[in-house]
There are 2 protein chains.
Amino acid sequence: MTEQAEAFRALADDTRLRILNLLLNTGSELCCCELTDSLEEPQYNVSKHLKILRQAGLIEGGQEGRWVYYSVPKKPDAFRKGLLDSVRSLPETRRLKKDAKNLDRRLSLRHNGKCTLGVLHGQPSGDKNAA
Amino acid sequence: MTEQAEAFRALADDTRLRILNLLLNTGSELCCCELTDSLEEPQYNVSKHLKILRQAGLIEGGQEGRWVYYSVPKKPDAFRKGLLDSVRSLPETRRLKKDAKNLDRRLSLRHNGKCTLGVLHGQPSGDKNAA
DNA sequence: ATAATATATGCGTAATAGCGCATATGTGCA
DNA sequence: TGCACATATGCGCTATTACGCATATATTAT
């Protein structure tokens, strides 16, 4: 598979589109646990999806202490810039709105603009512990 | 999977990208056999890929007699238009150039701007009959 | 009608993807 | 040195995908 087809494949997944949606709609860099809580997905899944996106060159990740902050590339090549623009134009579904709302709440817990917590919600498989 | 992720998935395949590349770079509509010969892939595969692209809303197909002509949608929605633009910006690999060359040759066999032939090459699995 | 032909599709199989779970890795702090 | 914690990864499983092959469908020509 060519590099370009791989990039498309990285986008062919709802969870990964949700991750990118959050990264694109916030100026900030987001760490794994913030994404995990926002998406209400298990941490190991979020981590795996982040890896796929990073390998496709669609996000970048930088470690800061125990945390790894992910963000959209500052200078993507033309092809990936086009792809990211396509993701930016995704229709705002209920799910994406909820993700954004979760993220807002989660970001308000930062201190000095940095995450100081881990995953808060119950690592839901079916949301047993959420309520 | 959302409709948008499905569209990305449809693009996550080299053969399908090659098909779109040909459709985007020719003003003309192309029939299945012309694409088959240009790509040097088996007819049944091309047909299957065309189906996936059509279901994703990335191409349209219209029957004319025994032939089915495929083309890029005239009025795609904003999201798909962005995707098609991304495909348009694919780097010109050797493979894509060869496809285009094959297509040129194949198009020169049209009569009155319409295809009058079926698949010409040896339905290669490994190009046994090609030489 | 029958044959010829352009395209589509069902089936079997091998490869791949995503999830859940458990656990490893690596960093900071006591 | 050892513990706590954020993140990453290996494994087993199931579901999906792509391919090759054979054949079905549909349209034209004889």
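Notes on the structure follow.

Rules and cut-offs
Residues numbered from 1 in each chain as written. Chains lettered and ligands numbered in written order. Predicted model: local features only at pLDDT ≥ 70, side-chain atom pairs only at ≥ 80, totals over all residues. Heavy atoms only, no water. Pairing = 2+ DSSP bridges. Helix = DSSP H or I, 4+ residues; strand = E, 2+ residues; numbered from the N terminus. Least-squares fit on C-alpha atoms with pLDDT ≥ 70 in both. Contact = heavy atoms within 4.5 Å. Axes fitted to C-alpha atoms, helices over the stretch in contact; angles between N-to-C directions. Parallel < 35°, antiparallel > 145°, perpendicular 65-115°, else oblique. Left-handed = near helix turned anticlockwise from the far one by under 90°. Nonpolar A, V, L, I, M, F, W, Y, C, P; charged D, E, K, R; others polar. Expected span 1.5 Å × (residues − 1). Buried < 20%, exposed > 50% of the residue type's maximum accessible area, 1.4 Å probe, protein only. Polar contact = N/O pair within 3.5 Å; in protein donor to acceptor, adjacent residues only side chain to side chain.

Moving on, we get to the pairing of strand β2 (residues 60–64) of chain B. The side chains of a regular strand alternate between the sheet's two faces. All names here are of chain B. Bridge analysis of β2 against strand β3 (residues 67–71) gives five bridges, and the strand direction is antiparallel. Each bridged residue has a counterpart across the sheet, and for Q63 the counterpart in β3 is V68. Counting the residues that bridge the hairpin from β2 to β3 gives two residues, and of these G65 lies at a positive phi of roughly 65°.

Overlay of chain B on chain A (RMSD 0.0 Å): rotation 180°, translation along the axis 0.0 Å. Accordingly, the operation relating the two chain copies is best matched by a two-fold axis. Taken as a fraction of all interface residues of chain B, those also at the interface in chain A reach 100%, which identifies the copy contact as same-surface.

All names here are of chain A. With antiparallel pairing, three strands are arranged side by side in an open sheet as β1-β3-β2. The open sheet has two edge strands with one neighbour each: β1 (30–31) and β2 (60–64). Across two bridges, β1 lies against strand β3 (residues 67–71) in antiparallel orientation. Bridge pairing links C31 to Y69 in β3.

Strands sit in the order β1-β3-β2 (chain B) across an open sheet of three strands; the sheet is antiparallel. The open sheet terminates on both sides in strands that have one partner only, identified here as β1 (30–31) and β2 of chain B.

This brings us to the packing of helix α3 (residues 32–39) of chain A against helix α6 (residues 94–107) of chain A. Residue and element names in this part refer to chain A. Between α3 and α6, whose axes approach to 8 Å, the crossing angle comes to 135°. Classified by the angle their axes make, α3 and α6 are oblique. α3 and α6 meet at a crossing whose hand is right-handed. Of the residues in α6, those in contact with C33, E34, D37, S38 and L39 of α3 are R95, D99, N102, L103, R106 and L107. Counted by class, the contact of α3 with α6 contains four nonpolar, two polar and five charged residues.

Residues and elements named next belong to chain B. Compared with an ideal rise of 1.5 Å per residue, which puts 12 residues at 16 Å, helix α2 (residues 14–25) spans 16 Å between its outermost C-alpha atoms and is within 8% of the ideal. Across the 12 residues of α2, 10 count as buried, placing the element largely inside the fold. Regarding α2, the residues found buried are T15, R16, L17, R18, I19, L20, N21, L22, L23 and L24. In this structure D13 caps α2, since a side-chain oxygen of it lies 2.9 Å from the backbone nitrogen of T15.

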